[in-house]
Amino acid sequence: MKEQLGKVKVKLPKMPKVKLPKRDAKEPVDVSEPLKVKADNKKSKKKSVKLSGIKWPKKGKKQDQEISVLKSKKKIGTKLVVMTLLMVITPLLVSNAASLLYMNKNYTEEMEANNAMLADAISNQVGAFVERAFMITEQLSVNNDVRDYNGMAQSAVLANTQRSYDFFDLIYVTDTSGMQTARSSGKLANRSDRWWFKQVTEDKKPFVSHSYFSLTGNTAVTTIAMPVYNHNMFFLGVLGADIKLSSFQKVIEEYSEGSRYAFIVDGDGKVLAHQNYNMVSEMFNYVTLTKTVTRRDASGK
């Protein structure tokens, strides 16, 4: 074994000789700076160094084409990602928008239907109220004590009726000249200049007036006026009743809650009941957008 190892010859590669620049012995050495090697080039022009064994890629049309293909593939990939996202997100957005529109439409329709039902319910109550007041006034106009035109007997009947039905603000009877013969309360007066007396005297027909604000009762009222005839159908005078509409306030309060509230207007657009009572006292008109302020004159009318 020793003999075999002795026969093996190992050749080590020769190390290249590096020439170090000559340095003056007296010159101090700066160990903080790296070793500087000065080139032997006498000329200042740079010389290209050729390194053997390394093949650098050469730029050419083929390389440009490869780079262009890579960029195109990257762009195509980006477009595919964007298109995929759009294909996923767009249906979701459309679906959500359609759902919101559908829900909003259903909510609006449901709210309108509920409001229509409430309006019908309030309208039915108002109609029933006016019809009841009309029937009671009509019965008074044919009452025997009223048609006999005995003032004391008339006053007793009117006062008793007002106590029985609190929606009557005032009930009164006049003769053909307009002079009152009886009242449910208050002093007698001549009402020949009042529009309701003139209308019944001319037409000889019952009617329900437009609403107005009564200073006596401090509420919106309507007047029901009836002609009074004797048993031979001879015209004797007029029976009138002022109907308080304050009960309508209770009706709208019953159907109002939260942000939803109800109000009542007459055929001319004047407010009869509203959560803001100033709208009632000023007889605000939703058609003409005007209000009316009523004051008494020097005579108290």
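Summary of the structure given here. (Residues numbered from 1 in each chain as written. Predicted model: local features only at pLDDT ≥ 70, side-chain atom pairs only at ≥ 80, totals over all residues. Heavy atoms only, no water.)

Quick look at unusual backbone geometry now. The backbone phi angle of Tyr 149 is positive, close to 55°, even though this residue is not glycine. Locating Tyr 149 in the fold gives a position in the loop between helix 3 (144-147) and helix 4 (151-164). (Helix = DSSP H or I, 4+ residues; strand = E, 2+ residues; numbered from the N terminus.)

Right, let's talk about helix 4 for a bit. For helix 4, spanning 14 residues, the distance from its first C-alpha to its last is 20 Å, which sits close to the expected 20 Å at 1.5 Å a residue. Along helix 4, the positions that sit buried rather than exposed are Gln 154, Val 157, Leu 158, Ala 159, Thr 161 and Gln 162. For helix 4, the capping residue at the N-terminal end is Asn 150, with a side-chain oxygen 3.2 Å from the backbone nitrogen of Met 152. (Expected span 1.5 Å × (residues − 1). Buried < 20%, exposed > 50% of the residue type's maximum accessible area, 1.4 Å probe, protein only. Polar contact = N/O pair within 3.5 Å; in protein donor to acceptor, adjacent residues only side chain to side chain.)

What follows deals with the nonpolar core. Grouped together as the largest cluster of nonpolar side chains are 35 residues, with contacts concentrated most on Ile 243, Phe 248 and Ile 264. Those elements giving two or more residues to this core turn out to be helix 2 (61-141), helix 4, strand 1 (168-175), strand 5 (219-229), strand 6 (235-244), helix 6 (247-254), strand 8 (271-273) and helix 7 (277-281). When sequence neighbours within four positions are dropped, the list of residues in contact with Ile 264 reads Ile 122, Val 126, Phe 248, Ile 252, Lys 270, Val 271, Leu 272 and Ala 273. In this structure, Phe 207, Ala 225, Tyr 229 and Phe 235 belong to the second largest nonpolar core, which totals ten residues. (Core = buried A, V, L, I, M, F, W, Y, C linked by side-chain atoms within 4.5 Å. Contact = heavy atoms within 4.5 Å.)

Within the secondary structure, Tyr 212 is located in strand 4 (residues 212-214). Along the chain, Tyr 212 and Thr 223 lie eleven residues apart, while their C-alpha atoms are 8.8 Å from each other. Discounting chain neighbours no more than four positions away, the residues touching Tyr 212 are Trp 195, Thr 219, Ala 220, Val 221, Thr 223, Asp 242 and Met 283. Of the polar contacts made by the side chain of Tyr 212, one reaches the side chain of Thr 223; its length is 2.6 Å.

On to the packing of aromatic side chains, then. Geometrically, a pair of aromatic rings is defined through the distance of the ring centres and the angle of the planes. Evaluated as defined, the whole model comprises twelve aromatic pairs. On the basis of an interplanar angle of 65° and a centroid distance of 6.0 Å, the ring pair of Tyr 229 and Phe 235 is categorised as edge-to-face. For the pair shown, Tyr 229 and Phe 235 are each scored as buried. Ring geometry for Phe 263 versus Tyr 286: centroids 5.1 Å apart, planes at 25°, classification stacked. Separated by 23 residues along the polypeptide, Phe 263 in the loop between helix 6 and strand 7 (264-265) and Tyr 286 in the segment after helix 7 bring together distant segments of the chain. Judged by relative accessible area, Tyr 286 falls into the partly exposed class, the value being 34%. Members of the aromatic cluster, each reached through a chain of ring pairs, are Phe 129, Tyr 165, Phe 167, Phe 168 and Phe 248. Taking NZ or CZ as reference, Lys 204 lies 4.7 Å from the ring centre of Phe 235, over its face. (Phe/Tyr/Trp six-rings, centres within 6.5 Å; stacked < 30°, edge-to-face > 60°. Lys NZ or Arg CZ within 6 Å of the ring centre and 35° of its normal.)

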